[in-house]
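# Reading the structure
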Amino acid sequence: MTELARDFRPLPSVDGYMLELAEAGTTLRVERLRRERGELIGELTVSCALPGTRSPNGILSVADFNLSSARARTDRGKLLAERSQAPMDWAGLLEELCQYVIGAERTGQPAILLRDVPRPNVEDDDLDVDVGIRLLRRHPVTLF
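Residues numbered from 1 in each chain as written. Predicted model: local features only at pLDDT ≥ 70, side-chain atom pairs only at ≥ 80, totals over all residues. Heavy atoms only, no water.

Check the secondary structure of the chain and you find three helices and seven strands. Seen in sequence order, the chain has helices and strands lined up from the N terminus as β-β-β-β-β-α-α-α-β-β. Sorting the 144 residues of the chain into buried and exposed places 35% on the buried side. Long-range contacts, defined here as pairs at least 24 residues apart, represent 34% of the contacts in the chain between residues at least 6 apart. If you sum the accessible surface of the chain, you get close to 9900 Å²; carbon and sulfur atoms cover 52% of it. (Helix = DSSP H or I, 4+ residues; strand = E, 2+ residues; numbered from the N terminus. Buried < 20%, exposed > 50% of the residue type's maximum accessible area, 1.4 Å probe, protein only. Contact = heavy atoms within 4.5 Å. Areas by Shrake-Rupley, 256 points an atom, 1.4 Å probe, with all protein chains shown as cover.)

So, in structure tokens, the structure goes:
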């Protein structure tokens, strides 16, 4: 199979990343990232729209995945190859995804200057209580 264009990017609304091969209708998403015993774990969802794949709703696999483990990459690659029946280097794609995610997690997010963050509209956040006290709707409040 010829080399397919890859698009790696962070997922904006959740803690995760995506590696997409649009020409092959294939997406590898890793979400809910966490560290356990020094290893990076996430929920890996692999979808593939290639003909002949055995997948409900186009999703080949959804399961926790140890991005720090070379053996996990090999094992999951074999599972994906079996379920997809597609001539793709699944272990290689997983290796690429893991390298990108580990690198992105080490780099982290860019710093944000607090002076550049817009102030919240407190009027929209207030909640009036029957006794005339104004409470913030989305913040913890303790009354004595």
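So, on to the pattern of salt bridges. Scanning the model with the defined rule gives nine salt bridges in all. Between glutamate 36 and arginine 34 there is a salt bridge whose closest N-O contact spans 2.8 Å. We classify arginine 34 as partly exposed; its relative accessible area is 29%. In this structure, the salt-bridge partner of glutamate 95 is arginine 73, at a minimum N-O distance of 2.7 Å. With glutamate 95 in helix α2 (residues 90-107) and arginine 73 in helix α1 (residues 70-84), this residue pair connects regions lying 22 residues apart in the sequence. The class of glutamate 95 is partly exposed, set by a relative accessible area of 28%. Classification of arginine 73 by relative accessible area gives buried; the value is 11%. Within the structure, one salt-bridge network assembled from shared partners comprises Asp7, Arg9 and Glu20. (Salt bridge = Lys/Arg side-chain N within 4 Å of Asp/Glu carboxyl O.)

So, on to the sheet that holds strand β2 (residues 16-21). Ordered in space as β1-β2-β3-β4-β5, the five strands form an open sheet in which the pairing is antiparallel. The sheet terminates laterally at β1 (7-10) and β5 (59-66), the two strands that pair on one side only. Here the strands of the sheet are splayed against their neighbours by 15° on average, with no regard to which way each runs. Strands β4 (39-48) and β5 of the sheet are contacted by α1, whose axis makes an angle of about 175° with β5. Across the sheet, α2 touches β1, β2, β3 (26-36), β4 and β5, and the angle it forms with β2 is around 145°. (Pairing = 2+ DSSP bridges. Axes fitted to C-alpha atoms, helices over the stretch in contact; angles between N-to-C directions.)

If you look at the biggest cluster of nonpolar residues, it comprises 28 residues, and the most contacted ones within it are Leu21, Leu28, Leu67, Met88, Trp90 and Val101. Elements with a minimum of two residues in this core: β2, β3, β4, β5, α1 and α2. Looking at which element gives the most residues to this core, the answer is α2, with eight residues. Dropping the residues within four chain positions of it, leucine 28 is found in contact with Tyr17, Met18, Leu19, Leu21, Leu44, Thr45, Val46, Leu93, Leu94 and Leu97. (Core = buried A, V, L, I, M, F, W, Y, C linked by side-chain atoms within 4.5 Å.)

The subject of this paragraph is α2. Given a rise of 1.5 Å per residue, 18 residues ought to cover 26 Å, and the 26 Å separating the end C-alpha atoms of α2 matches this to within 8%. If you check which residues of α2 are buried, you get Trp90, Leu93, Leu94, Glu96, Leu97, Cys98, Val101, Ile102 and Ala104. Among the structural elements, β1, β2, β3, β4, β5 and α1 are those in contact with the buried residues of α2. Following α2 by one or two positions, glycine 108 has its phi on the positive side, about 80°. (Expected span 1.5 Å × (residues − 1).)

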